[in-house]
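# Summary of structural features
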Amino acid sequence: MFRLARLADAWGGDQKATLKLSYGNGSVTDRAGHSAAMPASHWKGILAMLERTPGGKGAARALPAGANNYADGLGSIRRNAWFVERGKDGTIVMTFARELDDSSEG
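Quick caveat, the model's predicted, so the values are computed rather than measured. (Residues numbered from 1 in each chain as written. Predicted model: local features only at pLDDT ≥ 70, side-chain atom pairs only at ≥ 80, totals over all residues. Heavy atoms only, no water.)

Below, the discussion takes up the sheet that holds strand S4 (residues 57–60). Strand pairing in a sheet relies on backbone hydrogen bonds, with the paired strands running either antiparallel or parallel. Read from one edge to the other, the open sheet built from six strands follows the order S3-S2-S1-S6-S5-S4, with strand pairing classed as antiparallel. The sheet is open, and its two borders are formed by strand S3 (35–37) and S4, each paired with just one other strand. Across the sheet, the mean angle from the axis of one strand to that of its neighbour is 30°, orientation sign disregarded. Pairing of S4 with strand S5 (residues 77–86) involves four bridges; the strand directions are antiparallel. When the sheet's bridge partners are listed, Lys 57 is paired in S5 with Glu 85. Sitting on the sheet, helix H1 (residues 2–12) touches strand S1 (18–24), strand S2 (27–30), S3, S4, S5 and strand S6 (92–104), and the angle it makes with S5 is about 115°. (Pairing = 2+ DSSP bridges. Helix = DSSP H or I, 4+ residues; strand = E, 2+ residues; numbered from the N terminus. Axes fitted to C-alpha atoms, helices over the stretch in contact; angles between N-to-C directions. Contact = heavy atoms within 4.5 Å.)

What follows covers the nonpolar core. Counting 24 residues, the largest nonpolar core has Leu 4, Leu 21, Val 28, Trp 43, Ile 92 and Met 94 as its most contacted members. Where this core is concerned, the elements lending two or more residues are H1, S1, helix H2 (40–52), S5 and S6. Per element, the largest residue contribution to this core is five residues, and it comes from H1. (Core = buried A, V, L, I, M, F, W, Y, C linked by side-chain atoms within 4.5 Å. Buried < 20%, exposed > 50% of the residue type's maximum accessible area, 1.4 Å probe, protein only.)

It is worth spelling out the environment of Lys 44 at this point. Within the fold, Lys 44 resides in helix H2. You can call Lys 44 exposed: its relative accessible area is 58%. Distance from Lys 44 to Gln 15, taken between C-alpha atoms, is 27 Å for residues 29 residues apart in sequence.

That is the geometry; function is a separate question.
Here is the structure:
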């Protein structure tokens, strides 16, 4: 879920957006057309985890720069906290919760 939070930071963090993410052909995609590769097992694991949480909802944030380098070419991105829920159609909805005081690296 750390990777999804990083993508949400990159794709919608500045706008404090709500992102609806879908999966297909080995990539996670948002409605604006952003896309990033992700193994199907990772996506399925996130959906399964959300299914086991109360109300199908959880929270996520990317790991800070000192803990991980995502090596995804997105550079330094301000971190945010996100509410995460499983959509009825197999999507994942990430809603901006709050800004954090640092960034993640990639």
